[in-house]
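# Observations on the three-dimensional arrangement
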Amino acid sequence: MRSIADQTDDELGGPGSVLVRQRRDHVELDRLLSELDGAAGVAQEEVLNRIDRLVFSHAFAEETVLWPVIRRVLPDGDALTLQVEEEHQEVNELVTALERDGLDSPERPARLRRLTEVLREDVRDEEDVLFPRLQEALSAAELRALGRRWELMRRISPTRPHPTVSRRPPGNALSGLPLSLIDRTRDVVDAGVRRVPDRFAPAGRALSQGLAGLAGLVERLPLSRTGDGPPTSR
Ligand SMILES: [Fe+2]
C-alpha cells in the first residue's frame, strides 16, 4: 500500500478526488505549522487562528462524511477511525485550553508543541494508512463523488473547537450547522474587532463572548453529544 503522499493526482482519482482535496489541505497545514514554529506574541496568535480555521472545518467534515464511509466499507473501519477521532478530540481540547488561558500561560509552549505533534501524526495516519485503504475499496468515480460531499460539508462546518460535541453522527451532524453559523459569525466579529478603532472594540469583544456562550449551550445539548463512545466523549 502506497501513501497518498507519494502518488500523482491522476493515481488518486483526479483533481476532484477526496484524496487530492485532502492532501492539498494537509500541505497547507504543514506550511502553517512551520510558520507557527518561528512565530511569537500576536503573530503567533494570528497563525494559530489560521490553523484553527483550516483544521476544524476540515476535521468536522471528515467525521460527518468520510469516517462513516470508512466504517461501512472496511472491516476494521471502526478501530481505524477511532484512532483519528481521538487525535481530533485532543486537538479540540488543546485549542480550547490555549484560547482559555491566553498568551501568558506557562503551559502555552508545551501545548503548542503537542498541538503541532498531534496534527502531524493525524496527517500521517490519514495519508499513510486510512486513505490508501479507502482508495483500495472505492473506484475513482466514487472518490470524486465523496470529494464533492466532503467539500460541501467542509464549507458549512464549525471553524472552532467544540470538545464536548460527539465526534460521531448523529450528534456532530445535528449540531454542525448551528455551530458553524455561530463560529463563522464570531470569525467576522473578531476580524472586525482587530480593524475598528479601540473605542468600538469592547462592544465587539462582548458580542464575540456572547456568541461563545451560545455555542457552549448548543455544545452541551444532549442531542449534540449522541453517538460518541467513551474514548472521545467528554
Ligand atoms: Fe485530513
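As a reminder, the structure under discussion sits directly above these lines.
Residues numbered from 1 in each chain as written. Predicted model: local features only at pLDDT ≥ 70, side-chain atom pairs only at ≥ 80, totals over all residues. Heavy atoms only, no water.

## Comments concerning the overall build of the protein chain
Selection rule: For the purposes of this entry, the term helix denotes a DSSP run of H or I that reaches at least four residues, the term strand denotes a run of E that reaches at least two, and both are numbered from the N terminus. Note on method: radius of gyration uses C-alpha positions; expected globular size equals 2.2 Å times residues raised to 0.38. To sort residues, take the accessible area from a 1.4 Å probe on protein chains only and compare it with the maximum for the residue type: under 20% means buried, over 50% means exposed, and anything in between is partly exposed.
Counting secondary structure elements, the protein chain contains seven helices and zero strands. Tracing the protein chain from N to C terminus, the helices and strands come up as α-α-α-α-α-α-α. On C-alpha atoms alone, the protein chain measures out to a radius of gyration of 18 Å, which is about the 17 Å that the 2.2 N^0.38 rule sets for 234 residues. Summarising its shape, the C-alpha atoms of the protein chain cover approximately 55 × 40 × 30 Å along the three principal directions. Within the protein chain, buried positions represent 51% of all 234 residues.

## Concerning the nonpolar core
Inclusion rule: To form a nonpolar core, buried Ala, Val, Leu, Ile, Met, Phe, Trp, Tyr and Cys residues must be joined to one another through side-chain atoms within 4.5 Å.
One finds V18, L19, L66, W67, F131, L134 and L146 to be the most contacted residues of the largest nonpolar core, which totals 21 residues. Elements that contribute at least two residues to this core include exactly α1 (18-37), α2 (41-73), α3 (77-101), α4 (108-137) and α5 (140-155). L48, V91, V95 and V123 belong to the second largest nonpolar core, which has 20 residues in total.

## Some details on α1
Note: α-helices contain 3.6 residues per turn, so residues at a spacing of three or four share the same orientation. Note the following rule: Between the first and last residue of a helix there are one fewer steps than residues, each counted as 1.5 Å, and that sum is the expected span. Here, residues are in contact when the closest pair of their heavy atoms is within 4.5 Å.
The end-to-end C-alpha distance of α1, which contains 20 residues, comes to 29 Å, matching closely the 28 Å that a straight helix rising 1.5 Å per residue would cover. Those residues of α1 hidden inside the fold are in contact with α2, α4 and α5.

## What about the packing of α2 against helix α6 (residues 171-195)?
Our working rule: Axis definition: a line fitted to C-alpha atoms, limited for helices to the stretch in contact. Angles are taken between N-to-C directions and run from 0 to 180 degrees. Working definition: roughly parallel below 35 degrees, roughly antiparallel above 145 degrees, roughly perpendicular at 65 to 115 degrees, and oblique for all remaining angles. Polarity classes work like this: nonpolar for Ala, Val, Leu, Ile, Met, Phe, Trp, Tyr, Cys and Pro, charged for Asp, Glu, Lys and Arg, and polar for all others, with Gly in that last group.
Orientation of α2 relative to α6, taken along the N-to-C sense of each, is 170 degrees, at an axis distance of 12 Å. Judged by the angle between their axes, α2 and α6 are roughly antiparallel. When α2 is examined against α6, the residues N49, R53, S57, F60, E63 and T64 are found in contact with a partner set consisting of N172, A173, G176, R184, D187 and R194. Tallied by class, the residues present in the contact of α2 with α6 amount to two nonpolar, five polar and five charged.

## Notes on α4
Using the following cut-off: Fitting one axis to the seven residues ending at a residue and another to the seven starting there, the bend at that residue is the angle between the two axes.
A rise of 1.5 Å per residue sets the reference length of α4, with its 30 residues, at 44 Å; its end C-alpha atoms lie 41 Å apart and thus fit the reference within 8%. Most pronounced at E126, the bend in α4 amounts to some 40 degrees.

## Regarding the coordination of the iron ion
Spelled out, the test is: Metal coordination here is assigned from N, O and S atoms located within 2.8 Å of the ion, or within 3.2 Å for Na, K and Ca; omission of water means that sites may look incomplete.
Every protein donor of the iron ion is listed here as Q22 (OE1), H26 (NE2), H58 (NE2), E62 (OE) and E126 (OE), and their distances to the metal cover 2.0 to 2.4 Å. Each donor residue of the iron ion lies on one chain, and together they are spaced Q-x3-H-x31-H-x3-E-x63-E. In this pair, H26 sits in helix α1 while E62 sits in helix α2, placing the two residues 36 residues apart along the sequence. Here H26 and E62 have matching classes, each one buried.

## Examining the packing of α1 against α2
Put simply, the rule reads: Should the near helix be turned anticlockwise from the far one by less than a right angle, the crossing is termed left-handed; should it be turned clockwise, right-handed.
Put simply, α1 and α2 touch, their axes get as near as 10 Å, and they point 155 degrees apart. Here α2 runs roughly antiparallel to α1, going by the angle between their axes. Read as a crossing pair, α1 and α2 show a hand that is left-handed. Residues V18, Q22, D25, H26, E28, L29, R31, L32, L33, E35 and L36 of α1 lie in contact with α2, whose contacting residues are Q44, V47, L48, R50, I51, L54, V55, H58, E62 and L66. The class makeup of the residues in the contact of α1 with α2 is 11 nonpolar, four polar and six charged.

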